[in-house]
Amino acid sequence: MQIGVPKESAAGERRVATVPDVVEKLIKLGFSVAVESGAGDAAHFADDTYRAAGAQVLPTAADVFAQADIIFKARVPSFDEAAQLREGSTLIGFIWPAQNPALMEQLAARKVTVLAIDALPRQLSRAQKMDALTSMAGISGYRAVVEAANAFGRFFNGQITAAGKVPPAKVFIAGAGVAGLAAIGTAANLGAIVRANDTRAEVADQVVSLGGEFVKVDYEEEGSGGGGYAKVMSEGFMAAQRAMYAQQAREVDIIITTALIPGKPAPKLITAEMVQSMKPGSVIVDMAAEQGGNCELTVPGQAVVRHGVTIVGYTDLVSRMARQSSTLYANNLLRLTEELCKNKDGLKDGVIHVNMEDDAIRGLTVIKDGAITWPAPPIKMPAAPAKPAAVAAAAPAAKKAHGHGGGGGDPMSARSLATVFGVGAVLFALVGMYAPASFLSHFTVFVLACFIGYMVVWNVTPSLHTPLMSVTNAISSIIAIGALVQVAPPLVSSGAGGVIDRPNTLILGLSVFALALTAVNMFGGFAVTRRMLAMFRK
């Protein structure tokens, strides 16, 4: 089967649905690839790079549509593009079926199969590699901060120079989804003071981990919706949220809004009064501009100045990083193609199979052979594991039953405990009667040392370490102290002769060896811990 990639026809769109590196992988799967001439020019992928990767370059989009069995697209197809699809072909790309019912009817009339990448069930873990929404949202969040920095005209990080002190910029992110988290991380890395808010309380830890401060609304209500999105909140919550946003607007320099609810207009979070209260030179980047915007004064597709505040309403943030976004999007479609082209033996055969029994593929498929199959039925998630309380309640009964059969599961009885202590006392008395006096004193110190050591080691509080690392370092410290005592014992006179006892060579050697080993363990443990922590730093 042949995969066709036409040039995107939407105004200002620079992305392309596949890139030369991915073309090579598609060909290895058994497909042939045809690309319209100039499709990748805006993303800096020349026709020659596609030819070198093994793709056929066709002169017009009509040639691609007429020849290809599968069409890859980045943007929602226009009505003209939908009319060019061959009957029985497959379209893969963004469709947004809820917002485009007329397009859905036209595609169904063409008897095609349509896989909407935006309809992917994101709650499935194996769907993450195909999740183009997440890929594009991460890029748009990053780009939003870049646009804000460009419009702001000042440093993000604070500086003290000979020319004066520059305070750090204060950035507020409204919405901490994928795009919001990307914006938080980017702004924090640039040195800004970052604050963020979201209706979903569980993202607070994620905000903090990226270097931001989570600003909580003074109203208790859970905001998690299905598929990783937020839900529509109550009027009481929204009133409290607006009050908090009004306060942030007066304090911060930059506001980036990301709030969207699928199938609904973007909620209005920033009012005209809030914009008027902001400091002159402040910036608002409205990432929801394409759906009407989160700010009342946003003009979709433009950057405007209102009350001295620059309001950026660009609808092509992802397209402004066309090379990067095209690469990530192409990889998402490649992973989807790998899932589609598995035959009965699990081998890649260059032919797609739309398996409606597969939850991920079923969710993506909005039209199958001309029949509209959207919306997909809810996914049957695995049953929740049984509560531990039930197991705990059954445990005493089980122990009791074992006890009637011979005490296998019972704790030690008082008689047995007395017997054990009695035997231990007799053995200790025999040792005291026949062992040398020096041994008894050493043995007593040994028992006490074991008890004290146990209490000391297991009460160490982990600090930037795992509990295991803390315990091993505590044990190593005890060993080091013991070795130091043996290397340099107290100077003791042997009597009238004034001779000083010193450790023999064997004890000295063992002590030095023990010191070396514990030093390696302790410093190695800290080194490993630092490397582990460095993995989570940028």
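Everything below is about the structure printed above this text.
Remember, it's a predicted structure, so these values are computed and weren't measured experimentally.

K.L.:
Which residues make up the packing of helix α6 (residues 132-152) against helix α7 (residues 178-189), and what are the values?
P.N.:
Contact geometry of α6 with α7 gives a least axis separation of 7 Å together with a crossing angle of 40 degrees. Classified by the angle between their axes, α6 and α7 sit oblique to one another. In this structure, α6 meets α7 at a crossing whose hand is right-handed. Each of Thr134, Ala137, Gly138, Ser140, Gly141, Tyr142 and Val145 in α6 lies in contact with α7, whose residues at this interface are Val178, Ala179, Ala182, Ala183, Thr186 and Ala187.

K.L.:
Report on the sheet that holds strand β16 (residues 365-368), specifying residues and quantitative values.
P.N.:
Read across the sheet, eight strands follow the order β3-β2-β1-β4-β5-β6-β16-β17 without closing on themselves; strand pairing throughout is mixed. Each edge of the open sheet is held by one strand with a lone partner, namely β3 (56-58) and β17 (371-372). Relative to strand β5 (residues 90-93), strand β4 (residues 70-72) runs parallel, the two being bridged by three bridges. Residue Ile71 lies in a different strand from β5, and its bridge partner there is Leu91.

K.L.:
Account for α7, naming residues and giving values.
P.N.:
Think of an α-helix as turning once every 3.6 residues; residues three or four places apart then point the same way. For α7, with 12 residues, the first-to-last C-alpha span of 17 Å sits near the 16 Å given by 1.5 Å per residue. Phi for Gly191, located one or two positions after α7, is positive at around 100 degrees.

K.L.:
Can you break down the sheet that holds strand β15 (residues 309-312) residue by residue, with the values?
P.N.:
Read across the sheet, seven strands follow the order β11-β10-β9-β12-β13-β15-β14 without closing on themselves; strand pairing throughout is mixed. For this open sheet the edge positions go to β11 (213-214) and β14 (303-306), each flanked by a neighbour on one side alone. Relative to β15, β14 runs antiparallel, the two sharing four bridges. Paired with Val304 across the strands is Ile311, a residue of β15.

Calculation notes
- Residues numbered from 1 in each chain as written.
- Predicted model: local features only at pLDDT ≥ 70, side-chain atom pairs only at ≥ 80, totals over all residues.
- Heavy atoms only, no water.
- Axes fitted to C-alpha atoms, helices over the stretch in contact; angles between N-to-C directions.
- Helix = DSSP H or I, 4+ residues; strand = E, 2+ residues; numbered from the N terminus.
- Parallel < 35°, antiparallel > 145°, perpendicular 65-115°, else oblique.
- Left-handed = near helix turned anticlockwise from the far one by under 90°.
- Contact = heavy atoms within 4.5 Å.
- Pairing = 2+ DSSP bridges.
- Expected span 1.5 Å × (residues − 1).

Keep in mind these numbers describe shape, not what the thing actually does.
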